[in-house]
Amino acid sequence: MGAAAVLLGLYTPALAQPSLANGEWGHYAGSTHGMKYSPVDQISKDNIHQLEIVWRARNPDLDFQDDPILSRVRYQDTPLMVNGTLYTVTGLGIVMALDPATGERRWVYDPESYRIGRPNNGGFLSRGVAYWTDGDAERLLIGTHDAYLVSIDARSGRPDDAFGEAGKVDLTLGIRNVRRSTNFSAKRPLVAGDVVIVGNSIADSGRGTIGNPRTRQLPPGDVQAYDVRTGRKLWTFHTVPKEYEAGYETWLNGSAEHTGNANVWAGMAYDPELDYVYMATSTPTNDTYGGDRLGDNLYAESIVCVEARTGARVWHFQAVHHGLWDYDFASMPILGEITVDGRRIDAVMVASKQAFTYVFDRATGEPVWPIEERPVPASTVPGEQASPTQPFPTKPPPFDLQDAVVDNLMDFTPELRASAVEALNLFDHGPLYTPPSERGTLALPGTRGGSNWGGAGFDPETGILYVPSRTAPAFLRVGASRSPSPEQRALMRCCRSVVTPEGLPIFKPPYARLTAIDMNRGEHVWMSPLGNGPRNHPLLRDMDLPPLGDHIDGQSVLVTGTLVIATVWKRDRGAGETPIVPMWDPWGDPDAGRKLVYVFDKASGELLREIELDGHTAAAPMTYLHAGKQYIAIATGANAEVELVALALPD
């Protein structure tokens, strides 16, 4: 059975689930296949220039602006639209039902999960609710900041008293070292038939330190499943295995007994025909030092397929052995059909921070293209034993720049190239999977990717995967000090980006991009930058350069009949902290901070339109059809700027 503990096996499939074909959007990514795709095509490349904002919905988080803690929020939800109602959850975890045509409120439910204090990692943010129906009853399920799974009557907005105790179940029971919200919060659930499955967010504590007792005081990332009607516990999958489970032997010296994290925080996918759930896990405790957890560390940084009914492991693939780079899987798997060498394959695809796309037969776990174990650099840190090899997919090619090496440095002029070389040499550096060091290693891609939580989108019509990504390194230092030296710090900017003394990023552009990958052939189709980047820099403005891509903090996509729509968030530390420099480049477009939506012809990659929105951040978009009209809804902003925006064509 692998790392699953089954408590109850009762299971029946639910009926009448939301339909993309009817213009609904019943899951965070459109459907449980995670494609971020809708066949609705009223808004097209022929009329995208007419798209306009038609309503804005006020966010109830604004009622807390006088509170110095609760006013620091990020609105990063992707709403659902089911059965004529739009549902969204705010950064504080407040759930709203809205009229899809006007944005007017129908009801608000506040579980008050913020009262316990600021959650771990990203603070007050929520990314999605789950919807279930049996054709009669309708329920919304949310994971809360204070680590409960809550069921709400979707029609009334009141807790479902038949679920757990007073409409909620406690997700902390039986898990060691939990400090509710501080180091353990619930994430977006997945509804798989009549089973609701939930992962968690666990604090990244003690990163890079050696001998820090906090690295032995964090919870493991158990994935838990419940009966969607009653809240009865069905099973637990232990991402850090128990002694009696397969994978325990990959944690040397009994380190599975004290290691935490390896959690599933980015969401899961579900194939109702196979009744399989696909989850992608994160790095074990102490993201960048593994001397306290020697071994490969299954099932960390892995793609894991389990039975929805029992939680029994079907197959797994570990993408990073003994992770030291915080290369956790930050986005949910995608399920789609592809044709490779004439063979139809039901595939699962996962885009990674490393800029790899991992592709498997989702029934068997067999790689669609070979994945090779290749030698990688050894660690120089005392007590550390980095894995001698790591898996490298042979196809598709990486969708973003890999390797912190001289060949990847920008070369606009010989003088700027020399400046970039000088900056790079202030750090330890090398090819992908060069371990963190006591001096400080520059890793490319960095800890925010590559791809991040916004994930990719898949077009089932063509078999093309659309992956937005960013090109930015990370500074990884372990030992007594994790901070950069004064010389290193002088060249570092927001999110650990590194620039030359002239203020230009040291690596080659574009610094943000959207890549279309033909998954039938495993080849890139086109790549387009996201934003202009520093083309107006005094040393570049006369060079007639193409768009260089803005310095952004993240991005996502929506795929429709003729379009791929990319949204970006450009203000780092949206929970109220002041960034070192703006996330958009000061030598780029002066309005770049508000250019949050980029619309492309999905076939050619031609940029059709840039759309400005307030708030400097735009979450993953969704679309729906209501009363014969197509809308695109986007959650925007942080702190005092949060709002839900709907765009549509003029009447």
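This one's a predicted model, so the numbers in the text were calculated from it and none came from an experiment.

**Looking at the overall build of the chain**
If you tally the helices and strands in the chain, you get 2 helices and 41 strands. In terms of overall size, the chain behaves like a compact globule, its C-alpha atoms giving a radius of gyration of 23 Å where 651 residues would be expected to give roughly 26 Å. Buried residues in the chain amount to 66% of all 651 residues. Of all intrachain contacts in the chain linking residues separated by at least 6 positions in sequence, the fraction that spans at least 24 positions is 65%. Total accessible area computed for the chain in this model is approximately 21,800 Å², and 48% of it derives from carbon and sulfur atoms. Charged side chains of the chain number 58 positive and 79 negative; the gap between the two group centres comes to 4 Å.

**So, helix H1 (residues 414–424)**
What H1 keeps buried is the set Leu416, Ser419, Ala420, Ala423 and Leu424. Buried residues of H1, viewed axially, fall in a sector of 135 degrees; they line one side. H1 presents Pro414, Glu415 and Glu422 as exposed residues on the side facing more than 90 degrees away from its buried surface. Along its buried surface, H1 packs onto strand S26 (428–429) and strand S27 (441–443).

**Re the sheet that holds strand S3 (residues 80–82)**
Spatially, S3-S4-S5-S6 is the arrangement adopted by the 4 strands of the open sheet, whose pairing is antiparallel. The open sheet terminates on both sides in strands that have one partner only, identified here as S3 and strand S6 (105–109). Averaged over all neighbouring strand pairs, the angle between strand axes comes to 20 degrees, with direction disregarded. Sheet analysis places strand S5 (residues 95–98) next to S6, joined by 4 bridges and oriented antiparallel. Directly across from Leu98, in S6, lies its bridge partner Arg105.

**Description of the sheet that holds strand S18 (residues 276–280)**
The strand order across the open sheet built from 4 strands is S17-S18-S19-S20, with neighbouring strands paired in antiparallel fashion. Both outer strands of the open sheet, strand S17 (268–271) and strand S20 (313–318), are each paired with one neighbouring strand and no more. Adjacent strand axes in the sheet meet at a mean angle of 15 degrees, parallel and antiparallel pairs treated alike. Summarising the sheet, S17 and S18 pair through 4 bridges and their orientation is antiparallel. Each residue of the ladder has a partner; that of Tyr270, found in S18, is Val277.

**Quick notes on the packing of aromatic side chains**
A complete count under the given rule lists 19 aromatic pairs for this structure. Taken together, a centroid distance of 5.6 Å and an interplanar angle of 85 degrees make the contact between Phe392 and Tyr433 edge-to-face. A residue pair is termed long-range when its members are at least 10 positions apart, and Phe392 in strand S25 (residues 389–393) and Tyr433 in the loop between S26 and S27 qualify at 41 residues. We note that Phe392, like Tyr433, is buried.

**Here we look at the pattern of salt bridges**
All told, the structure shown has 27 salt bridges when counted by the stated rule. For Glu337, the salt bridge goes to Arg344, with nearest N and O atoms at 2.9 Å. With a relative accessible area of 40%, Glu337 lands in the partly exposed category. A salt bridge links Asp428 to Arg439; the shortest N-O distance between them is 3.1 Å.

**A few points about the pairing of strand S36 (residues 563–569)**
The element S36 is largely enclosed, with a buried count of 7 among its 7 residues. Summarising the sheet, strand S35 (residues 554–559) and S36 pair through 6 bridges and their orientation is antiparallel. By the bridge assignment for S36, Val557 is matched with Ala566. In sequence, S35 turns back onto S36 through a hairpin of 3 residues. Taken together, the 5 bridges between S36 and strand S37 (residues 595–601) define a ladder with antiparallel strand orientation. Residue pairing for S37: Val564 is matched across the bridge by Phe600.

**Points about the side chain of Asp400**
Counting through the fold element by element, Asp400 comes out in the loop between S25 and H1. Not counting the four nearest positions on each side in its chain, Asp400 is found in contact with Ala355, Ser469, Arg470, Thr471 and Arg513.

**Concerning the nonpolar core**
By size, the foremost hydrophobic cluster in this structure holds 132 residues, and its most contacted members are Trp55, Leu140, Ile338, Tyr358, Tyr433, Met519 and Leu644. Setting aside its immediate chain neighbours within four residues, Leu644 contacts Trp55, Arg56, Ala57, Tyr75, Pro79, Leu86, Leu98, Ala633, Ile634 and Ala635. Core analysis: the next-biggest nonpolar cluster, separate from the first, contains 23 residues, Leu444, Tyr511, Leu540 and Leu548 among them.

**Some words on the pairing of strand S29 (residues 464–470)**
In summary, the side chains of a regular strand alternate between the two faces of the sheet. By the criterion of burial, S29 is predominantly enclosed, with 7 of the 7 residues buried. Residue alternation in S29 divides its side chains into two sets, Ile464, Tyr466, Pro468 and Arg470 and Leu465, Val467 and Ser469, and both sets are buried. For strand S28 (residues 457–459) and S29, the ladder comprises 3 bridges, and the chain directions are antiparallel. In the sheet register, Gly457 faces S29, and the bridge partner there is Tyr466. Here S29 pairs with strand S33 (residues 512–518) via 7 bridges, running antiparallel. Across the sheet, the residue bridging to Ile464 is Asp518, located in S33.

**Notes on the environment of Met268**
By secondary structure assignment, the location of Met268 is in strand S17. Sequence separation between Met268 and Val304 is 36 residues, and the spatial gap between their C-alpha atoms is 9.9 Å. Here Met268 is in contact with His27, Leu190, Ile197, Val198, Gly199, Val223, Val277, Tyr278, Met279, Met332 and Pro333, once residues within four sequence places are set aside.

**Overview of the confidence of the model for the chain**
Residue-level pLDDT values for the chain average 92, and 93% of them are 70 or greater. Ignoring residues within four places in sequence, the model shows residues 572–584, a span with pLDDT below 50, making 42 contacts including any to other chains.

**Description of the side chain of Asp160**
Looking at the secondary structure, you find Asp160 in the loop between strand S9 (148–153) and strand S10 (168–170). With relative accessibility at 9%, the residue Asp160 sits in the buried group. If sequence neighbours within four positions are ignored, Asp160 has contacts with Arg139, Ser151, Ile152, Asp153, Ala166, Gly167 and Arg229.

**Focus: unusual backbone geometry**
The residue after Lys395, namely Pro396, is reached through a cis peptide bond having omega -10 degrees. Mapped onto the secondary structure, Pro396 falls in the loop between S25 and H1. Notably, Asn286 is not glycine yet its phi reads approximately 65 degrees, a positive angle. Position of Asn286 relative to the elements: it lies in the loop between S18 and strand S19 (302–307). Residue Asn286 is classed as buried on the basis of its relative accessible area, which comes to 3%. We note that Tyr433 has phi near 75 degrees; this positive angle belongs to a residue other than glycine. According to the relative accessible area criterion, Tyr433 is buried, its value standing at 2%.

Cut-offs applied
- Residues numbered from 1 in each chain as written.
- Predicted model: local features only at pLDDT ≥ 70, side-chain atom pairs only at ≥ 80, totals over all residues.
- Heavy atoms only, no water.
- Helix = DSSP H or I, 4+ residues; strand = E, 2+ residues; numbered from the N terminus.
- Rg over C-alpha atoms; globule rule 2.2 N^0.38 Å.
- Buried < 20%, exposed > 50% of the residue type's maximum accessible area, 1.4 Å probe, protein only.
- Contact = heavy atoms within 4.5 Å.
- Areas by Shrake-Rupley, 256 points an atom, 1.4 Å probe, with all protein chains shown as cover.
- Lys, Arg positive; Asp, Glu negative; His and termini not counted.
- Charge placed at Lys NZ, Arg CZ, Asp CG, Glu CD.
- Arc of directions from axis to C-beta.
- Pairing = 2+ DSSP bridges.
- Axes fitted to C-alpha atoms, helices over the stretch in contact; angles between N-to-C directions.
- Phe/Tyr/Trp six-rings, centres within 6.5 Å; stacked < 30°, edge-to-face > 60°.
- Salt bridge = Lys/Arg side-chain N within 4 Å of Asp/Glu carboxyl O.
- Core = buried A, V, L, I, M, F, W, Y, C linked by side-chain atoms within 4.5 Å.
- pLDDT = per-residue confidence, 0-100.

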